[in-house]
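Residue strings, one per chain:
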Amino acid sequence: MMEGAPTIDPHRVWLSEAIRRIEADFNRSADTHLIRVDLPNHRGITLYLKDESSHPTGSLKHRLARSLFLYALCNEWIGPDTCVIEASSGSTAVSEAYFARMLGLRFIAVVPGTTAAPKLDAIRFQGGEIYTVDDPRTVYEVAHRLAKETRGHYLDQFTYAERATDWRGNNNIAESIFTQMAREERPIPEWIVCGAGTGGTSATIGRFIRYQRHATRLLVADPVHSIFHRHYADRSIAQLPAGCASCIEGIGRPRVEPSFVPGVIDRMVAVEDAQSIGAMRALSDRLGRRVGGSTGTNLWACAQLVEEMAAAGERGSIVTLLCDGGDRYGCTYYDDAWLARRGIDWRSAADRVAALWA
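For every chain, the first residue of its written sequence is number 1, and the numbers climb from 1 along that sequence. With the structure being a predicted model, the display of local features is reserved for residues of pLDDT at least 70 and the display and counting of side-chain atom pairs for 80 or more, all residues being used for whole-chain, interface and lining totals. In computing side-chain properties, one takes all heavy atoms of the structure into account and sets aside hydrogens as well as water.

1. A few points about the overall build of the protein
Then, number 1: Looking only at helices and strands, the protein has 13 helices and 10 strands in total.
Then, number 2: Two things to know: the radius of gyration comes from C-alpha atoms, and the globule rule equals 2.2 Å times the number of residues to the power 0.38. In terms of overall dimensions, the protein is globule-like: its C-alpha atoms have a radius of gyration of 21 Å, near the 21 Å expected for 358 residues.
Then, number 3: Overall, the C-alpha framework of the protein stretches about 75 × 45 × 40 Å when taken along its three principal axes.
Then, number 4: Residue burial in the protein is summarised as follows: out of 358 residues, 55% are buried.
Then, number 5: In this analysis, two residues are considered to be in contact whenever any of their non-hydrogen atoms come within 4.5 Å of each other. For the protein, long-range pairs separated by at least 24 residues make up 75% of all intrachain contacts whose partners lie at least 6 apart in sequence.
Then, number 6: About 15,500 Å² of surface is accessible on the protein, with carbon and sulfur atoms providing 48% of the total.
Then, number 7: When charges are counted, Lys and Arg contribute as positive and Asp and Glu as negative, whereas His and the chain ends are disregarded. Where a charge lies is defined by one atom per residue type: Lys uses NZ, Arg uses CZ, Asp uses CG and Glu uses CD. The positive charge centre, built from 41 side chains, and the negative charge centre, built from 43, are 2 Å apart in the protein. Helix and strand labels come from DSSP, where a helix needs a run of H or I of at least four residues and a strand needs a run of E of at least two; each type is numbered from the N terminus. Burial here depends on accessible area, computed with a 1.4 Å probe over protein chains only, as a share of the maximum for the residue type. Under 20% is buried, over 50% is exposed, and the range in between is partly exposed. Reported accessibility uses the Shrake-Rupley method at a 1.4 Å probe radius. Residues are deemed covered only where the shown protein chains occlude them.

Dropping the structure here:
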């Protein structure tokens, strides 16, 4: 070996290859679709759905999982023998299991016992393992413990979601929305509507809007039984009362997560579970395919915006997220008997939303 030549570090070689694999996977993937929904009863107002269900793992969380893995790799928190842990209600874990398998790493998802069975099946399909907890509030503690016991790494989406994604651009969801809207008749949306699970998506969109100096406003739709909208109204409130829980998976939390940034949000709307499910069912009928519950939460807030804009004689576009497909919820949100047992009467909400395009 030549004197003074750099020593080859096997770990750095593995790290470089791991990042290359993730970037190559991204390069093979097309951007997600932007679906236009005309509203014939509200001329001058157009609704767009950013369809995140078309990612390889079927949800918006695919973007987050990719960012979290790249962030952890570049911080050298993950190596070739690291066991990767995550606390998740399902979709994030599905996407993270996908990337863990890509890198040949063991992956364990810590999930609440109420997580829909098809989501658990999807995690296992991607090579992940399941660790179920009865109390959803303990997922953080259990994930930390498992990471310590396995000498692994807890990805911790709830802390790192807002910083793992480059909010200035670099193919984030906000940049994608504005690029795709560029040739529409009203290219700068009046509103973008999203939910909050970690808070990472709303932080990215809100920051990007301000960085690009757009007039667009950001509305975050939140389940009634979630802490985020309460904290937004009163910053001293940081924890849900015991016994409060939403049945809408993927959004809403019992505590304020570190990734939630209320300052970049212009408005929050609290949505009942029945309203989320009714809106979800109405949109599924409109599209001819099933969508998930968090998409229904977003859509209910969009319906309110449409009605308010129409009453004020305003025109413009509204963009929201189609977060995931509905096939994972066949035994829950699309099962009328399951909904009836929980006293969820969704039909009037579905009729109200369907009236937007009837």
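Picking up where we left off.
2. What about the pattern of salt bridges?
Then, number 1: By convention in these notes, a salt bridge is any Lys or Arg side-chain nitrogen within 4 Å of a carboxyl oxygen on Asp or Glu. Overall, the coordinates contain 27 salt bridges when judged by the stated rule.
Then, number 2: Ionic pairing is found between R124 and D121, a salt bridge with its closest N-O pair at 3.6 Å. Of this pair, R124 and D121 both sit in helix α4 (residues 117-125), three residues apart, roughly one helical turn.
Then, number 3: Across the pair E162 and R207 runs a salt bridge whose closest N-O atoms are separated by 3.0 Å. Of this pair, E162 sits in helix α6 (residues 157-164) while R207 is found in helix α8 (residues 200-211), placing the two residues 45 residues apart along the sequence.

3. Brief notes about the packing of aromatic side chains
Then, number 1: Aromatic pairing here means that ring centres of Phe, Tyr or Trp (its six-membered ring) are within 6.5 Å. Orientation follows from the plane angle: under 30 degrees is stacked, over 60 is edge-to-face, and everything else is tilted. On inspection of all chains with the given rule, the structure shows 11 aromatic pairs.
Then, number 2: An aromatic cluster of at least three residues, connected via ring pairs, comprises F69, Y98 and F99.
Then, number 3: Of note, R281 hangs over the ring of W346, and the distance from its end group to the ring centre comes to 4.0 Å.
Then, number 4: As a reminder, the over-ring test applies to NZ of lysine and CZ of arginine, requiring each to be within 6 Å of the ring centre and within 35 degrees of the ring normal. Lying over the aromatic face of Y334, R290 brings its terminal NZ or CZ to 4.4 Å of the ring centre.

4. Brief notes about the packing of helix α1 (residues 10-27) against helix α2 (residues 61-74)
Then, number 1: The angle between two axes is taken between their N-to-C directions and runs from 0 to 180 degrees, where each axis is a line fitted to C-alpha atoms and a helix contributes only its stretch in contact. For the pair α1 and α2, interaxial distance at closest approach is 10 Å and the crossing angle is 160°. In terms of orientation, α1 and α2 fall into the roughly antiparallel class. Considering only the axes of α1 and α2, their crossing is left-handed. Contact residues: W14, L15, A18, I19, I22, E23, D25 and F26 in α1; H62, R66, F69, L70, L73 and C74 in α2. Working rule for angles: under 35 degrees goes down as roughly parallel, over 145 as roughly antiparallel, 65 to 115 as roughly perpendicular, anything else as oblique. Handedness of each helix crossing follows the sense of rotation of the near helix against the far helix: counterclockwise by less than a right angle gives left-handed, clockwise gives right-handed.

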